[in-house]
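Here is what each chain is made of, one letter per residue.
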Amino acid sequence: MNAGADRLLEARIGDMLEKCGRGCSYAFSRFLDEHQCAEAELLCGREVGGSLKYRFFGGYEGAQRKMLCIYEEYCEDYIEEEFPLKCLTFIFRKEDRLTHRDFLGSLMGLRLKREVIGDIIIGEGIAQVFVTETAAKLIMTCVSKIGRTGVKVSDDRPFEIEVRQEFEEISTTVASLRLDCIVGAAAKLSREGSARLIRSERVSVNHFPEMSLSREIREGDVVSVRGSGRFILDKISGTTKKGRIHIILRKYK
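Notes on the structure follow.

Conventions we followed
- Residues numbered from 1 in each chain as written.
- Predicted model: local features only at pLDDT ≥ 70, side-chain atom pairs only at ≥ 80, totals over all residues.
- Heavy atoms only, no water.
- Buried < 20%, exposed > 50% of the residue type's maximum accessible area, 1.4 Å probe, protein only.
- Helix = DSSP H or I, 4+ residues; strand = E, 2+ residues; numbered from the N terminus.
- Contact = heavy atoms within 4.5 Å.
- Phe/Tyr/Trp six-rings, centres within 6.5 Å; stacked < 30°, edge-to-face > 60°.
- Lys, Arg positive; Asp, Glu negative; His and termini not counted.
- Salt bridge = Lys/Arg side-chain N within 4 Å of Asp/Glu carboxyl O.

Those residues of helix α7 (residues 191-199) that sit buried are G193, S194, A195, L197 and I198. Looking at the packing, one finds that the buried side of α7 touches α6 (179-187), β11 (203-205) and β13 (222-225). In the segment just after α7, E201 is the residue with positive phi, at about 65°.

If you want it as structure tokens, here you go:
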């Protein structure tokens, strides 16, 4: 995400704070990606105070794309029910193997902006998609196919797909916990190759771009390498006789 987009997000949060300051009980953003959520968390931690609270919600626990709500404290007990989102359920033949890309492409083909579409979860013969209430009306009216596959769309079913994030485990050793070493191990690159990626702003840590080769990575940190995927430093488990550090990475599938 570039500096201009970050400034736009900051301005939008400023507008939400101003709206609440004018007497509104709450204000909502559209869907934010993981970097935007992390950025908004920092901004809200700094700017939101007094009787105002904030919350992120994407329709279910563990959602990646979420809306931000800034609200008055007295709304705490019911604010989650006020989020302006809908869960749309798409039913199709089990033998049709539709993907996240298929759904996103079809919805974007309606000239919907990415910010009105939340998580897209695919099951066997079923998909559930979180969208803004306005987008839901358009989708319900216009969508009968995803690609060439016929679908039935409804907005009256609860979220029911079990979300299971799958990982590939990578057990390896590194000379240190510096970012360039971790990127090299994750992406199977030389230290020089990983340094080039980091300097070219193709690596982020915990959803923020990181250009320091020497940043120390800790257990639980999420390292994203453009072109290679996203990794969690799951465990640091001692050293070898030669002094290398044994680590376990988990790569998102």
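The subject of this paragraph is the environment of D156. On the secondary structure map, D156 appears in the loop between β9 (152-154) and β10 (167-174). For D156, a relative accessible area of 63% gives the class exposed. Counting along the chain gives 96 residues from D156 to Y252, while the straight-line C-alpha distance between them is 31 Å.

Here the focus is the packing of aromatic side chains. Going through the model one piece at a time under the given rule, you end up with ten aromatic pairs. Ring geometry for Y26 and F28: centres 5.4 Å apart, planes at 55°, overall tilted. According to the relative accessible area criterion, Y26 is partly exposed, its value standing at 26%. We classify F28 as partly exposed; its relative accessible area is 22%. Geometrically, the ring pair formed by F90 and F103 is edge-to-face, given 5.2 Å between the ring centres and 75° between the ring planes. Here F90, found in strand β4 (residues 85-91), pairs with F103, found in helix α4 (residues 100-108); they are 13 residues apart in sequence, far enough to count as distant. The exposure class assigned to F90 is buried, which follows from its relative accessible area of 0%.

Secondary-structure assignment places E39 in helix α2 (residues 34-47). Of the side chains bearing the opposite charge, R46 lies closest to the buried E39, which forms no salt bridge; the N-O distance is 6.4 Å. Those residues in contact with E39 that lie beyond four places of it in its chain are D6, L9 and F208.

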